[in-house]
Amino acid sequence: MSPTCVGLAAAIGTGLLWGGIGVVTSSVTRRGMSFPGYMASSFILTMVGAWLLFPRWSASGGDGPPRVALLAGLLLSGGMLSALGMVVLNRAMARGHHGACWTIGQSALVIPFLFGLAIWADTATVANVLGVMAVLISLVLLGMSRTLGKPPTRAGTASDRGWFGLALLTLMIFGAQQTLVSIPSRWADWSDRYALRAPLALTGMGLGYLLMALAGGYRVRLELLPAHWVIPCLSLPSYLLLFRALDSFSVQGRAGLVFPIAVGTSIVTFALYSALVLRERLTPWSAGGLLIGITGVLLVAWR
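Looking at helix H8 (residues 197–215)
Then, number 1: Compared with an ideal rise of 1.5 Å per residue, which puts 19 residues at 27 Å, H8 spans 27 Å between its outermost C-alpha atoms and is within 8% of the ideal.
Then, number 2: Positive phi shows up at Gly217, right after H8, with a value of about 75 degrees.

This is the structure in structure tokens:
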């Protein structure tokens with residue numbers, strides 16, 4: 001199988017698993033469970049699994065301590081930002097509009113794209129610029145929708161209106177997280193020889209959830225309950241497929257395709273869940289926002 005086919009299949013698989021994480025987030029929210037507590041308990045298992053499965057300690061050569069320390073700082077910080085973003089997203093979903101909240105949060109890939117243009121002088125095609133504009137238009141359309149979903153509060157109240165601001169905050173946090181974790185890929189003559197990216201990022205997420213759970217007075221369960229195995233079963237293979245996709249597309253210099261393909265798949269997956277399972281109502285504004293947002297994500301990756 002060609003590297004392109006392998007990379008495409010891995011990126012789509014990553015998006016499907018991310019969509020599954022979105023479903024879990026929505027389910028925890030609707031059941032009124034402690035999201036930081038649930039995720040902290042789940043990520044204790046995830047962190048252990050990551051350090052057992054991913055690192056290649058027998059690899060020869062590699063970076064010196066300064067570069068490894070910088071890699072750890074970037075990935076741990078990115079992981080903690082990812083955890084913070086998911087907690088904020090949980091707060092946004094608690095006010096209704098699950099599908100729109102997920103779409104807005106997943107549109108964060110425009111931030112590392114713009115950061116690359118401004119800092120690293122990346123080039124952009126007309127399609128890329130149109131993609132960014134489409135994402136921004138989708139945010140406006142989703143923000144204008146006031147009847148998407150079945151919010152737990154009366155539509156138009158202060159609580160109902162608060163979801164959009166929280167969703168935008170999620171976008172900014174995820175954008176910062178994606179920017180941080182993408183920096184090592186720009187280092188000259190560097191490769192993840194010891195396969196530390198995934199365990200470091202997942203450890204950062206676990207520490208972030210644990211700190212927020214303890215700070216909020218939530219209970220962190222150490223029992224190996226069936227519910228706590230769901231996140232490891234989704235997170236661990238998603239990172240395995242993510243870095244497989246990045247490595248496969250990097251051979252052709254097209255690593256920039258990975259996140260848009262994965263994110264687009266994730267958005268479509270969760271949109272179907274919202275419509276078919278949650279029975280969220282789609283107004284013309286919200287349906288247009290979802291479609292334009294997905295199109296924009298794909299155009300950002302167009303080369």
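Details of the packing of aromatic side chains
Given two aromatic rings, one states the distance between the centres and the angle between the planes to describe the pair.
Then, number 1: Taken as a whole and judged by the stated rule, the model has seven aromatic pairs.
Then, number 2: Aromatic side chains Phe35 and Tyr209 sit 6.2 Å apart centroid to centroid with 80 degrees between the ring planes, which places their arrangement in the edge-to-face category. In this pair, Phe35 sits in helix H2 (residues 35–53) while Tyr209 sits in helix H8, placing the two residues 174 residues apart along the sequence.
Then, number 3: Overall, the relative accessible area of 1% leaves Phe35 in the buried class.

A few points about helix H11 (residues 284–300)
Then, number 1: In this model H11 runs 24 Å from its N-terminal to its C-terminal C-alpha over 17 residues, within 8% of the 24 Å that 1.5 Å per residue would give.
Then, number 2: Regarding H11, the residues found buried are Ser286, Gly289, Leu290, Gly293, Ile294, Gly296, Val297 and Val300. Take H11 and look down its axis: the buried residues cluster within an arc of 160 degrees, on one side only. Among the exposed residues of H11, those pointing more than 90 degrees away from its buried face are Pro284 and Leu291.

Looking at the confidence of the model for the chain
Then, number 1: Per-residue pLDDT for the chain averages 83, and the proportion of residues at 70 or more is 87%.
Then, number 2: Counting contacts from residues 146–158, a segment whose pLDDT is below 50, to residues more than four positions away or on other chains yields 30 contacts.

Points about the nonpolar core
Then, number 1: Core analysis: the largest hydrophobic core is formed by 76 residues, its most contacted members being Met86, Ile104, Leu202, Tyr209 and Tyr239.
Then, number 2: Tallying contributions element by element places helix H3 (residues 65–93) first for this core, with ten residues.
Then, number 3: For Tyr209, the contacting residues outside a window of four places in its chain are Phe35, Pro36, Met39, Ala40, Phe43, Ser82, Ala83, Met86 and Val87.

Overview of a nonpolar patch on the surface
Then, number 1: On the surface, Val126, Val129, Leu130 and Met133 cluster together into a nonpolar patch covering about 370 Å² of accessible area.
Then, number 2: Along the chain, the position of Leu130 falls in helix H6 (residues 126–144).

A closer look at unusual backbone geometry
Among all residues except glycine, the phi angle is most often negative; among peptide bonds, the trans geometry is most common.
Then, number 1: A positive phi is found at Ala195, a non-glycine position, where the angle reads about 55 degrees.
Then, number 2: The exposure class assigned to Ala195 is buried, which follows from its relative accessible area of 11%.

Re the side chain of Asn90
Then, number 1: By the secondary structure assignment, Asn90 is in helix H3.
Then, number 2: Relative accessible area serves as the criterion here: at 10%, Asn90 is assigned to the buried category.
Then, number 3: When near neighbours in sequence (up to four residues on either side) are disregarded, Asn90 contacts Thr25, Thr29 and Phe35.

A closer look at the environment of Leu45
Then, number 1: By the element assignment, Leu45 lies in helix H2.
Then, number 2: We classify Leu45 as buried; its relative accessible area is 17%.
Then, number 3: For the pair formed by Leu45 and Gly206, sequence separation is 161 residues and the distance between their alpha carbons is 9.2 Å.

Some thoughts on the packing of helix H10 (residues 258–276) against H11
Then, number 1: Following both chains from N to C, one finds H10 and H11 inclined at 165 degrees, their axes separated by 8 Å at the closest point. Considering their axes alone, H10 and H11 lie roughly antiparallel with respect to each other. Judged by the twist between their axes, the crossing of H10 over H11 is left-handed. Packed against H10, whose contacting residues are Pro260, Val263, Gly264, Ile267 and Val268, the element H11 presents Ile294, Val297 and Leu298 at the interface.
Then, number 2: Along the lines of polarity and charge, the residues of the contact of H10 with H11 split into seven nonpolar, one polar and no charged.

Here's the deal with the side chain of Ser238
Then, number 1: With respect to the secondary-structure elements, Ser238 resides in helix H9 (residues 230–250).
Then, number 2: With residues up to four places along the chain from it excluded, the contact list for Ser238 reads Thr14, Leu17 and Trp18.

Some thoughts on the pattern of salt bridges
Then, number 1: In the structure shown here, the tally under the stated rule is one salt bridge.
Then, number 2: Put simply, Arg197 and Asp192 hold a salt bridge, and the shortest N to O gap is 2.8 Å. An identical accessibility class is assigned to Arg197 and Asp192; each is buried.

Quick notes on the rules
- Residues numbered from 1 in each chain as written.
- Predicted model: local features only at pLDDT ≥ 70, side-chain atom pairs only at ≥ 80, totals over all residues.
- Heavy atoms only, no water.
- Helix = DSSP H or I, 4+ residues; strand = E, 2+ residues; numbered from the N terminus.
- Expected span 1.5 Å × (residues − 1).
- Phe/Tyr/Trp six-rings, centres within 6.5 Å; stacked < 30°, edge-to-face > 60°.
- Buried < 20%, exposed > 50% of the residue type's maximum accessible area, 1.4 Å probe, protein only.
- Arc of directions from axis to C-beta.
- pLDDT = per-residue confidence, 0-100.
- Contact = heavy atoms within 4.5 Å.
- Core = buried A, V, L, I, M, F, W, Y, C linked by side-chain atoms within 4.5 Å.
- Patch = residues over 30% accessible without salt bridge, like charges linked within 9 Å, V, L, I, M, F, W, Y side chains within 5 Å.
- Areas by Shrake-Rupley, 256 points an atom, 1.4 Å probe, with all protein chains shown as cover.
- Salt bridge = Lys/Arg side-chain N within 4 Å of Asp/Glu carboxyl O.
- Axes fitted to C-alpha atoms, helices over the stretch in contact; angles between N-to-C directions.
- Parallel < 35°, antiparallel > 145°, perpendicular 65-115°, else oblique.
- Left-handed = near helix turned anticlockwise from the far one by under 90°.
- Nonpolar A, V, L, I, M, F, W, Y, C, P; charged D, E, K, R; others polar.

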